[in-house]
Amino acid sequence: MAESFGPRLYSCSNCRNHVSLHDDIISKSFQGRNGRAFLFSHAMNVVVGPKEDRHLLTGLHTVADIYCADCREVLGWKYERAYEASQKYKEGKFILEKAKIVKENW
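Residues numbered from 1 in each chain as written. Predicted model: local features only at pLDDT ≥ 70, side-chain atom pairs only at ≥ 80, totals over all residues. Heavy atoms only, no water.

Turning next to the sheet that holds strand 9 (residues 101-104). Across the sheet, 3 strands lie side by side as 2-1-9; this open sheet has antiparallel pairing. Here the strands that pair on one side only, and so sit at the sheet edges, are strand 2 (18-21) and strand 9. Across the sheet, the mean angle from the axis of one strand to that of its neighbour is 35 degrees, orientation sign disregarded. (Pairing = 2+ DSSP bridges. Helix = DSSP H or I, 4+ residues; strand = E, 2+ residues; numbered from the N terminus. Axes fitted to C-alpha atoms, helices over the stretch in contact; angles between N-to-C directions.)

The next subject is the pairing of strand 2. Pairing geometry for strand 1 (residues 9-12) and strand 2, over 3 bridges, is antiparallel. In the sheet register, Leu9 faces strand 2, and the bridge partner there is Leu21. Linkage of strand 1 to strand 2, two consecutive antiparallel strands, is achieved through a turn of 5 residues, within which Arg16 is found at a positive phi near 70 degrees.

The subject of this paragraph is the nonpolar core. Where a protein is soluble and globular, its nonpolar side chains tend to be buried together. By size, the foremost hydrophobic cluster in this structure holds 12 residues: Tyr10, Cys12, Val19, Ile25, Phe38, Phe40, Ile66, Cys68, Leu75, Phe94, Leu96 and Ile101. Elements supplying a minimum of two residues to this core: strand 1, strand 4 (35-40), strand 6 (59-68) and strand 8 (94-97). In contact with Phe38, other than residues within four places in its own chain, are Tyr10, Ile25, Ser27, Lys28, Phe94, Ile95, Leu96, Lys98 and Ile101. (Core = buried A, V, L, I, M, F, W, Y, C linked by side-chain atoms within 4.5 Å. Buried < 20%, exposed > 50% of the residue type's maximum accessible area, 1.4 Å probe, protein only. Contact = heavy atoms within 4.5 Å.)

This model, assessed by the stated rule, comprises 7 salt bridges. A salt bridge links Glu104 to Arg16, with the nearest nitrogen and oxygen atoms 3.7 Å apart. On the criterion of sequence distance, the pair formed by Glu104 in strand 9 and Arg16 in the loop between strand 1 and strand 2 is long-range, its members being 88 residues apart. The partner of Glu91 in a salt bridge is Lys88, and the shortest N-O contact between them spans 3.3 Å. Accessibility expressed as a relative area gives 38% for Lys88, which makes it partly exposed. Where salt bridges share partners, they join Arg33, Glu52, Arg54, Asp65 and Glu97 into one cluster. (Salt bridge = Lys/Arg side-chain N within 4 Å of Asp/Glu carboxyl O.)

Looking now at the UniProt feature "domain: Yippee" (unreviewed entry) in the chain. Those residues carrying the UniProt feature "domain: Yippee" (unreviewed entry) are residues 8-105 in this numbering. When the span residues 8-105 is considered, its composition is 0% helix and 61% strand, and the gap between its end C-alpha atoms is 5 Å. (UniProt positions renumbered as here; feature names shortened; annotations may be inferred.)

Here the largest pocket defines a volume of roughly 200 Å³. Residue lining of the largest pocket: Phe30, Gln31, Arg33, Arg54, Leu56, Leu57, Thr58, Trp77, Tyr79, Tyr89 and Lys90, and that is the complete set. Mapped by element, the contributors of at least two residues to the lining of the largest pocket are strand 3 (25-32), strand 5 (46-56) and strand 7 (74-82). Each residue belonging to the lining of the largest pocket can be placed in one class, and the counts come to 6 nonpolar, 2 polar and 3 charged. (1 Å grid on protein atoms, 1.4 Å probe; cavity = no way out; pocket = protein on both sides within 12 Å on 5 of 7 lines; lining within 4 Å. Points joined across faces, edges and corners; volume = space filled by probe spheres on them. Nonpolar A, V, L, I, M, F, W, Y, C, P; charged D, E, K, R; others polar.)

Next up, the structure:
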């Protein structure tokens, strides 16, 4: 039987600070600034920057960049507000760019 070492996590690729749980992934089919990104319901050990309006692939959103709390690397953004009714499910959720995170405990 395989040993379990705790929950599967994602960490900052720069400093290995834990930033999210695998179980909190909502979708793996998002686009970040630098390629593929994942939508998470929660993030931890991140700092949320100032809010700004951005035109993204799915329309206008109010977002805030999120930074690793340890090394301050930009990891993605938090959706603060979606202006289109079909995009409201993103509010309060987090985008973490695949290139900025690594798997831990897999």
